[in-house]
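As a plain string of letters, each chain reads:
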Amino acid sequence: MRRVYLDNNATTPVAPEVFEAMKPFLVEDFGNASSIHWHGQRAKAAVETAREQVAALLHARANDIVFTSGGTESDNMSILGAVEAAETKDGTKHVIISSIEHHAVLHTAKSLERRGIAVTSVKVGPQGLVDPADVERAIRPNTVLISIMYANNELGTIQPLEEIGRLAGEHKVTFHSDAVQAVGKIPVDVEKLGVDLLSLSAHKLHGPKGVGALYVRKGTHLAPLFFGGHSERDRRPGTENTPGIAGLGKAAELAAAKLAAEAPRLAALRDRLEDSILAHVPLCARNGAKEPRLPSTTNIRFDHVEGEGFVISMDLKGVACSTGAACSSGSVDPSHVLSAIGLSSAQARSSIRFSLGRMTTDEDIDYALEVVPVVVERLRSVSPHYKSAVPSVK
Ligand code: PLP
């Protein structure tokens, strides 16, 4: 059966060049990067090359890159580390996040609240964009951290980081951004953005899973999350995941080389998919702003279509996409992001994310466009809700 993968925001396939770059470190170059002998030095050299490659993608200094186990760890390390290291006059601390952050940020912030640290979650409008003025209004004398994502994983909307970075700088508040969905897809320049901390993850840019990085601006106070040996300049102990890090480095190098051509190619494919669905499938709408948005992402609401059923039906026809609903303990909760932009539970549950990637072709989009209207029509034809809501339908 033909398989079309339109769930690249969940994860991406490892690029063949990345796999080749990783292989030696799983086989002959197996050394521990902390060993001083030849084997160790081979591994160490690979880690340092990867540090340069990741730094180049972010316009950062190599010394400011710390390797981690992925986006979740980078987010935890930033938030918990910055808050712990911060000092305030009266000892109380306050953190600002947005209501559309990934769970890696949201749940970390919740853990701070349980420890008595105040957290403000800045709301977004229907466009799915944070207003920098709201961030500024939320700043208090004891605010120690602002954590606002760069691109939202469900909607693709790109947040105004430059303005928020400027505000954070003016108020001398440490500024973290979860840029897991942005890195490799849009240009990221840590100087322009004014971030002190920035999280990224290899598996979102055609690298391997379980490895990521954190950019830490020189001079940023950050308490360590883990304790152990002296790896990563004492910021992150544990034997380096050399194959993973080499893979991340190669993925970063490839992303930097391909970004200028890939972004418009993906935007054109995404727009064709979105425009055609909106034009030809009745009762559907895009969720969130058209721009500024990742070139690879569209989130569409198909009224009277149950998202889970849609994803399963699409899968049976070979197309992978995802719903905004997160399945937890047997119940399907509507996505907090879709609720945050004002969607009802029913609307959130009928929303579908299509996310494209480097492997997506014109033919993939043609096939998806063939399948989507058929699946929507079939699901609506068996929906009693649709029949009662749209009486002309028999
Ligand atoms: N932040 C965002 C915005 C994400 O989309 C993801 C992954 O879905 C993460 C963080 C977590 O990254 P990882 O899977 O590397 O832990």
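Residues numbered from 1 in each chain as written. Predicted model: local features only at pLDDT ≥ 70, side-chain atom pairs only at ≥ 80, totals over all residues. Heavy atoms only, no water.

## Overview of unusual backbone geometry
Stage number 1. Of note, the bond from Glu291 into Pro292 is cis; its omega dihedral lies within 30 degrees of zero at -5°.
Stage number 2. As for its placement among the helices and strands, Pro292 is situated in the loop between β9 (284–286) and β10 (297–302).
Stage number 3. In this structure, His59 is a non-glycine residue whose phi angle is positive, near 55°.
Stage number 4. Structurally, His59 is set in the loop between α2 (38–58) and β2 (65–68).
Stage number 5. The phi torsion at Lys172 lies on the positive side, around 55°, for a residue other than glycine.
Stage number 6. Within the element layout of this structure, Lys172 appears in the loop between α6 (161–170) and β6 (174–178). (Helix = DSSP H or I, 4+ residues; strand = E, 2+ residues; numbered from the N terminus.)

## What about the side chain of Asp196?
Stage number 1. On the secondary structure map, Asp196 appears in the loop between α7 (190–193) and β7 (197–201).
Stage number 2. A distance of 2.8 Å separates a polar atom in the side chain of Asp196 from the backbone nitrogen of Phe175.
Stage number 3. Once residues lying within four places of it in the same chain are set aside, the contact partners of Asp196 are Val173, Thr174, Phe175, Tyr215, Val216, Arg217 and Thr220. (Polar contact = N/O pair within 3.5 Å; in protein donor to acceptor, adjacent residues only side chain to side chain. Contact = heavy atoms within 4.5 Å.)

## Topic: the site of the ligand
Stage number 1. Neighbouring the ligand are 13 residues, the closest being Gly71, Thr72, Asp178, Ser201 and Lys204.
Stage number 2. At a separation of 2.8 Å, an oxygen atom of the ligand approaches a polar side-chain atom of Gln181.
Stage number 3. Within the side chain of Ser201, an N or O atom sits 2.6 Å from an oxygen atom of the ligand.
Stage number 4. For the ligand, whose unbound accessible area comes to 400 Å², protein coverage reaches 85%.
Stage number 5. By residue number, the principal contributor to the shell around the ligand is helix α3 (residues 71–85), which donates 3 residues.
Stage number 6. For the shell around the ligand, the class distribution of residues is 2 nonpolar, 8 polar and 3 charged. (Near = heavy atom within 4 Å. Areas by Shrake-Rupley, 256 points an atom, 1.4 Å probe, with all protein chains shown as cover. Nonpolar A, V, L, I, M, F, W, Y, C, P; charged D, E, K, R; others polar.)

## Overview of the nonpolar core
Stage number 1. Counting residues in hydrophobic clusters, the biggest one holds 62 residues, and the most contacted among them are Leu58, Ile146 and Leu198.
Stage number 2. The element contributing the most residues to this core is α2, with 7 residues.
Stage number 3. Residues in contact with Leu198, not counting those within four places in the same chain, are Leu58, His176, Ser177, Ala179, Val183, Val188, Val190, Leu193, Ala213, Leu214 and Tyr215.
Stage number 4. Judged by nonpolar contacts, the second largest core, of 27 residues, contains Leu269, Ile277, Phe302 and Val375. (Core = buried A, V, L, I, M, F, W, Y, C linked by side-chain atoms within 4.5 Å. Buried < 20%, exposed > 50% of the residue type's maximum accessible area, 1.4 Å probe, protein only.)

## Let's talk about the packing of helix α8 (residues 242–280) against helix α12 (residues 362–381)
Stage number 1. Running from amino to carboxyl end, α8 crosses α12 at an angle of 15°, the nearest separation of the two axes being 10 Å. Classified by the angle their axes make, α8 and α12 are roughly parallel. When you trace α8 past α12, the crossing you get is right-handed. The residues of α12 that touch α8, namely those facing Leu269, Arg272, Leu273, Ser276 and Ile277, are Asp362, Ile365, Asp366, Ala368, Leu369 and Val372.
Stage number 2. Looking at the contact of α8 with α12 residue by residue, the classes come out as 7 nonpolar, 1 polar and 3 charged. (Axes fitted to C-alpha atoms, helices over the stretch in contact; angles between N-to-C directions. Parallel < 35°, antiparallel > 145°, perpendicular 65-115°, else oblique. Left-handed = near helix turned anticlockwise from the far one by under 90°.)

## Remarks on the sheet that holds β9
Stage number 1. What the 4 strands build is an open sheet, ordered β9-β10-β15-β12; its pairing is antiparallel. Two strands bound the open sheet, and with one partner strand each, they are β9 and β12 (322–323).
Stage number 2. Of the strand pairs in this sheet, β9 and β10 are connected by 3 bridges, and their pairing is antiparallel. Pairing of Ala285 across the sheet is with Arg301, part of β10.
Stage number 3. In the packing of α8 onto the sheet, the strands contacted are β9, β10 and β15 (351–355), and the crossing angle to β10 comes to about 10°.
Stage number 4. Set on the sheet, helix α9 (residues 307–316) makes contact with β10, β12 and β15; between it and β15 the angle comes to about 40°. (Pairing = 2+ DSSP bridges.)

## As for the pairing of β15
It is a general feature of regular strands that their side chains alternate between the two faces of the sheet.
Stage number 1. Where burial is concerned, most of β15 is hidden: 5 out of the 5 residues are buried.
Stage number 2. Here β15 shows no split at all, with Ser351, Arg353 and Ser355 on one side and Ile352 and Phe354 on the other all buried.
Stage number 3. Judged from the 5 bridges that link them, β10 and β15 form a sheet pairing that is antiparallel. Each residue of the ladder has a partner; that of Arg301, found in β15, is Ser351.
Stage number 4. Sheet analysis places β12 next to β15, joined by 2 bridges and oriented antiparallel. Across the sheet, Thr323 pairs through a bridge with Ile352, a residue of β15.

In short, geometric facts, not functional conclusions.
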